[in-house]
Amino acid sequence: MAGILSKSEAKGVDFCGVDDNYYIVRSDLGCYMYSTNFHQGSDLTVYSLHPSCQGGDHYLAYDNSTFYIIKGNTCRCVSDMTKDCGAKVFDLHPNCQGGDNYLSAYGYFYIIFKSRGVYRKTADMNTDSNAIEYPLHPNCKDGLYYWGTKSYSYLLKPKGKWGIEYHKTDNLNKDTYANTYSVHPDVLSFLPGGLVTTQGPAFGKWELIKTISNDSETPLEWQKKITRKVGYNKSHISSIEHNWKFSMSTTYQSGALTEAIAKFQFSLTAEYGGQSVNTDEERWEEATETEESLSLSLKPHTKMYIWQYKLGFGKNDVLFCRDLTIDDDPNPPSTIPLPPANPSG
């Protein structure tokens, strides 16, 4: 079942939160999304990540002006991830290293070790003061991502019967005061793998754009211009940005973030609704009609078929690729004219 990539599969992606402020970090895209409610999709704003705040393994927030970025066994503390203000770096205590997920809640830090089914609570990740470990409640073991606030802990659940949901609890050990909420589509689209839920799985296929026939008894020299689309059909997925506000540097102009998210989705495996292809070298400008002159020699009573490769989501075409294939086979070519993507993560 196609769904959201987990934290271990999407390097540089994480959640964090403070009070009623929630953040989704896409370090792989150089930005993060702010919201006051993931269920309602409220106040969605996208900000740039300062270069020094990119490439983290884990992101967590202690309060509105204290963010922690863990990279390896060191941690960077900043007051603003867009500006890298007040940056301080310290080493993680050995007991606080190697966690699968990190969050801050109730004024403490929590480190989740999934393989052992436990989490470690500590007052300081540098000194590991006042530390104690607890078993994770069964309902809290399967999180794709974890984050916390002063009063609650949250985890994003794998896709289930009701789609993508997140779980809220005031105790990861006992799972008391628990509730589960659906994730708003405008938030889902920002997540790695989220387009499969909001737009449909990616497809790649050859489209027959011209058939040339020679029904005569003599060879035929065919010379004509053909018209085809090349480029990016923005209209079919640009709607995912309609409820997003932007407070970013020139990293992303209008529509460029959607393009980057689409490229990422195409690169994923079919398990996550992708096509495992790298589309960086394709033309990502707005799709336009182009003309191309072709010359073909056809033997008597033969046909030639001109094919173009395209990619899309659901039932909508998104990217019309540049290369054409011409052959005498009425069946679509079996080759894929795009380089394979690097494995996710």
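Criteria and thresholds
Residues numbered from 1 in each chain as written. Predicted model: local features only at pLDDT ≥ 70, side-chain atom pairs only at ≥ 80, totals over all residues. Heavy atoms only, no water. Core = buried A, V, L, I, M, F, W, Y, C linked by side-chain atoms within 4.5 Å. Buried < 20%, exposed > 50% of the residue type's maximum accessible area, 1.4 Å probe, protein only. Contact = heavy atoms within 4.5 Å. Helix = DSSP H or I, 4+ residues; strand = E, 2+ residues; numbered from the N terminus. Phe/Tyr/Trp six-rings, centres within 6.5 Å; stacked < 30°, edge-to-face > 60°. Lys NZ or Arg CZ within 6 Å of the ring centre and 35° of its normal.

Caption draft 1: Quick peek at the nonpolar core. Counting 51 residues, the largest nonpolar core has Leu156 and Trp244 as the members making the most contacts within it. The residues touching Leu156, leaving out its near neighbours within four places in the chain, are Ile4, Phe15, Asp142, Gly143, Leu144, Tyr145, Trp147, Ile164, Glu165, Tyr166, Val183 and Leu191. Of all hydrophobic cores here, the second largest spans 14 residues; its members include Tyr32, Cys53, Tyr59 and Ile69.

Caption draft 2: Spatial organisation of the environment of Met81. Within the secondary structure layout, Met81 lies in the loop between β7 (74–78) and β8 (88–91). Considering only alpha carbons, one finds Met81 and Glu285, 204 residues apart in sequence, at a separation of 31 Å. What Met81 contacts, discounting residues up to four positions off in sequence, is Val25, Tyr32, Ser48, Leu49, His50, Cys53, Tyr59 and Phe67.

Caption draft 3: The arrangement of the packing of aromatic side chains in detail. Considering all chains together, one arrives at 26 aromatic pairs under this definition. An aromatic cluster of at least three residues, connected via ring pairs, comprises Phe15, Tyr22, Phe38, Tyr145, Trp147, Tyr154, Tyr166 and Tyr181. For the cation-ring pair, Arg116 lies above Phe113, with the distance from its terminal atom to the ring centre recorded as 4.9 Å. In this arrangement the basic side chain of Lys205 is found over the ring face of Phe203, its NZ or CZ atom lying 5.2 Å from the centre.

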